[in-house]
Amino acid sequence: MSGVGEILKAIGDFGPFQKWLVLLTLIPCLSVAFHQFCQLFMVVDVPHHCDTSWIRAVGPNLTQEEQLNLTLPRDANGEYEQCSMYSPVDWDLDSIVAYGLNATQKCSSGWVYPSAEPPSLLTEFDLVCDRKDLNDIGQAIYMAGLLLGSMIFGPLSDRIGRRPVILISVILQGLFGLGIAFVPHFYVYMAFRCVVGASVSGITMTILTLATEWIGVSSRPKAVLSSHCCFAIGQMILAGLSYGIRNWRLLEIAGSAPILVILLYIWVLPESARWLVTKGRIEEAKKLLQKAAATNKRSLPEGLLEQLKPEKQIKSGSLLDLFRKKHLRKVTLIMSCAWFVNSFVYYGLSLNVTNFGLDIYLTQLAFGAVEIPARVGCIFTLQWFGRRKTQTVLLLLSGLVCLIITGIPEDQPLATTILATIGKFAASASFSTSYVYTAELFPTVVRPAWGCARCRRGRPGSWPRWSGSWGSTTRPSPWPSLGVPPCWGGCSVSCCLRPVARSCRMTRRTAKPGLRSAKMAPAILRMDR
């Protein structure tokens, strides 16, 4: 009896059919980067002050400067307060000028922004002063949507197939992404962003699964690396889009509409032959495999397809299986820690490009560009130094850079940005390492359970901006909180995990890991085909 793996070897592990498939699946990665970081450029800080037009009733001929001088208190630097105003009174203008106003209160009639500024989330929904935290909460809700999507669309793709889930996710992302551009209230905006986050998870998880299930084991890293590099390119495109389109509603349309292009070729995307076989739909799988062979200009050995039979499904492990055995429990806890701190420092840097002191568009461009050599270089470092050493060094480097920034003077934004870019480089490479490392550490039967656990631990790690708002504390304080966790995670990986054989194939059963490659017995560790 032949399996799909043997047939893929016959038609070519990474032929023209698979290359076209990977190319078609890369387009959604561009939109993923947009939705991940677009809010940063929609809430750019602008000067503002309380609306004190109440005084116009008694002084209609006042100039703007006279109005502000009479109705707004000043801070220690002599600037007008942005979040407080003098309490309105029933006096005439001469009394106000003669005696002045003393009692202050919070802004009661909204805020005034520079008229020349294009519309932004901040100016339209007043995300300033007491409402400033809504910005961070909105970003956190998007991350919660990513978590929700991973829990819904992962099992759903196993039940109804890869293509239907991709279609559902694309439609949701397109409709709700465009809908965000027309929301009347910020709470509606947050609800739509949550749905977009869920659809992003559905697209990224399912489309990568579809691609890798058509590709041979040795060529799968190419597909993963391609998607990671495309995500980096998406960040660079975001920098250009946000620089050229300052109106946040138009920017949302420009970033959301292209995902609908997938609807033009969704019918060309093949279903996963592996999934069809596991569901007993052998004839459909045979037709797709014959099409792939024809595209790759390969001829299948006679009778090979006839030997294709439904594969016996291996019962997937649950979350509890990750903790029942001692070695799996240890690996689960350590890698959960590594994923959490990796997400913490990566998003802690990525979501705070507005706080480094340089032009945010150039900083975003540099942050996207630096990920490409980080992802590509990761492949070589994994081959030369192995998984554990690479993961340890990258986590330590990203943490140490954040600790060094703590001592950089506030008037040195260039030095801060350069160090932050180095930290982003290390965190990005560490992410790619984590994908490879965990795939080799966890057997197939518990890998779906680990994927769910990883999302539950990794997504909260991507909420540092919400948990510790940078704008509400002194500048140096966030850096130690970003630097210490990855240093601790790097030490945990170094001290507690055994080395994994370089370029080893993924295990299927929950046999005892950590064995040297020379001692691995085929009868104990069945390999993925």
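This one's a predicted model, so the numbers in the text were calculated from it and none came from an experiment.

Considerations on the packing of aromatic side chains
Ring pairs (aromatic) are described by centroid distance and by the angle formed between their planes.
Right, so step 1: Under the counting rule described, the total for this entry stands at 13 aromatic pairs.
Right, so step 2: On the numbers, 6.1 Å between centres and 85 degrees between planes, the contact of Tyr 189 with Trp 248 is edge-to-face. Residue Tyr 189 is located in helix α8 (residues 186-213), and its partner Trp 248 is located in helix α10 (residues 248-256); the two are separated by 59 residues in the primary sequence.
Right, so step 3: Residue classification places Tyr 189 among the buried residues on the basis of a relative accessible area of 0%.
Right, so step 4: Centroid distance Phe 356 to Phe 367: 5.8 Å. Interplanar angle 50 degrees. Geometry classified as tilted. In this pair, Phe 356 is assigned in the loop between α15 (326-350) and α16 (360-385) and Phe 367 in helix α16, connecting sequence segments eleven residues apart.
Right, so step 5: Of the residues examined, Phe 356 reaches a relative accessible area of 2% and is grouped as buried.
Right, so step 6: The class for Phe 367 is buried, based on a relative accessible area of 1%.
Right, so step 7: Of the aromatic side chains, those joined through ring pairs into one cluster are Phe 37, Phe 231, Tyr 346 and Tyr 347.
Right, so step 8: Across from the ring centre of Tyr 80, 4.2 Å away, lies the NZ or CZ of Arg 74, which sits over that ring.
Right, so step 9: Its end group placed over the ring of Tyr 142, Arg 193 keeps NZ or CZ at 4.2 Å from the ring centre.

Here's the deal with the side chain of Gln 39
Right, so step 1: Take Gln 39: it is sitting in the loop between α2 (16-37) and β1 (49-50).
Right, so step 2: When sequence neighbours within four positions are dropped, the list of residues in contact with Gln 39 reads Leu 121, Asn 135, Gly 138, Gln 139, Tyr 189 and Arg 193.

With respect to unusual backbone geometry
Right, so step 1: Even without glycine at this site, Asp 126 takes up a positive phi of about 55 degrees.
Right, so step 2: Position of Asp 126 among the secondary structure elements: in the loop between α5 (121-125) and α6 (133-160).
Right, so step 3: Relative accessible area serves as the criterion here: at 21%, Asp 126 is assigned to the partly exposed category.
Right, so step 4: Even without glycine at this site, Lys 297 takes up a positive phi of about 60 degrees.
Right, so step 5: Tracing the sequence through the fold places Lys 297 in the loop between α13 (282-295) and α14 (321-324).

Digging into the confidence of the model for the chain
Detailed reading of the predicted coordinates is not advisable wherever pLDDT falls low.
Right, so step 1: Per-residue confidence for the chain averages 78 on the pLDDT scale, and 80% of its residues sit at or above 70.
Right, so step 2: Here helix α20 (residues 464-467) stands out as the least confident element of the chain, with mean pLDDT 45; α10 is the most confident, with 92.
Right, so step 3: A low-confidence stretch, residues 499-529 (pLDDT under 50), is modelled with 67 contacts involving residues beyond four sequence positions or located in other chains.

With respect to the packing of α2 against α6
Right, so step 1: Close contact between α2 and α6 brings their axes to 10 Å; oriented N to C, the two are set at 140 degrees. Looking at the two axes, α2 sits oblique to α6. Judged by residue contacts, Val 32, His 35 and Gln 36 of α2 engage Gln 139, Tyr 142 and Leu 146 from α6.
Right, so step 2: In terms of residue class, the contact of α2 with α6 is made up of three nonpolar, three polar and no charged.

Some words on the pattern of salt bridges
Right, so step 1: Evaluation of the coordinates by the stated rule reveals seven salt bridges.
Right, so step 2: As a salt-bridge pair, Glu 283 and Lys 286 come within 3.8 Å of each other at their nearest N and O atoms. Of this pair, Glu 283 and Lys 286 both sit in helix α13, three residues apart, which is roughly one turn of the helix.
Right, so step 3: Judged by relative accessible area, Lys 286 falls into the buried class, the value being 11%.
Right, so step 4: Each of the salt bridges in this network shares a partner with another, and the network as a whole consists of Glu 371, Arg 375 and Lys 424.

Notes on the state of the cysteines
Right, so step 1: Following the criterion strictly, the structure yields two disulfides and no others.
Right, so step 2: A sulfur-sulfur separation of 1.7 Å characterises the disulfide bridge that pairs Cys 50 with Cys 107. Handedness of the Cys 50-Cys 107 disulfide follows from its S-S torsion of about -55 degrees: it is left-handed. Note that Cys 50 is positioned in strand β1 and Cys 107 in the loop between β3 (104-106) and β4 (111-112), a separation of 57 residues in sequence.
Right, so step 3: Paired through a disulfide, Cys 83 and Cys 129 show a sulfur-sulfur distance of 2.0 Å. Classification of the bridge connecting Cys 83 and Cys 129 rests on its S-S torsion, roughly -90 degrees, and on that basis the disulfide is left-handed. Within this pair, whereas Cys 83 is found in the loop between α3 (64-71) and β2 (84-86), its partner Cys 129 is found in the loop between α5 and α6, the two being separated by 46 residues in sequence.
Right, so step 4: A relative accessible area of 19% places Cys 129 in the buried class.

Let's talk about a nonpolar patch on the surface
Right, so step 1: Side chains of Leu 358, Leu 397, Leu 414, Ile 418 and Ile 422 sit close together on the surface and give an oily, nonpolar patch of about 400 Å² of accessible area.
Right, so step 2: By residue number, the principal contributor to the nonpolar patch is helix α18 (residues 413-441), which donates three residues.
Right, so step 3: Within the element layout of this structure, Ile 422 appears in helix α18.
Right, so step 4: A residue is classified by how much of its surface remains accessible, and Ile 422, at 35% relative accessible area, is partly exposed.

Overview of the environment of Asn 69
Right, so step 1: Tracing the backbone through its elements, the reader meets Asn 69 in helix α3.
Right, so step 2: Spatially, the C-alpha atoms of Asn 69 and Gly 100 are 9.9 Å apart, while their sequence positions differ by 31 residues.
Right, so step 3: Beyond its immediate sequence surroundings of up to four residues, Asn 69 is in contact with Arg 74 and Tyr 80.

Rules and cut-offs
Residues numbered from 1 in each chain as written. Predicted model: local features only at pLDDT ≥ 70, side-chain atom pairs only at ≥ 80, totals over all residues. Heavy atoms only, no water. Phe/Tyr/Trp six-rings, centres within 6.5 Å; stacked < 30°, edge-to-face > 60°. Helix = DSSP H or I, 4+ residues; strand = E, 2+ residues; numbered from the N terminus. Buried < 20%, exposed > 50% of the residue type's maximum accessible area, 1.4 Å probe, protein only. Lys NZ or Arg CZ within 6 Å of the ring centre and 35° of its normal. Contact = heavy atoms within 4.5 Å. pLDDT = per-residue confidence, 0-100. Axes fitted to C-alpha atoms, helices over the stretch in contact; angles between N-to-C directions. Parallel < 35°, antiparallel > 145°, perpendicular 65-115°, else oblique. Nonpolar A, V, L, I, M, F, W, Y, C, P; charged D, E, K, R; others polar. Salt bridge = Lys/Arg side-chain N within 4 Å of Asp/Glu carboxyl O. Disulfide = S-S within 2.5 Å. Patch = residues over 30% accessible without salt bridge, like charges linked within 9 Å, V, L, I, M, F, W, Y side chains within 5 Å. Areas by Shrake-Rupley, 256 points an atom, 1.4 Å probe, with all protein chains shown as cover.

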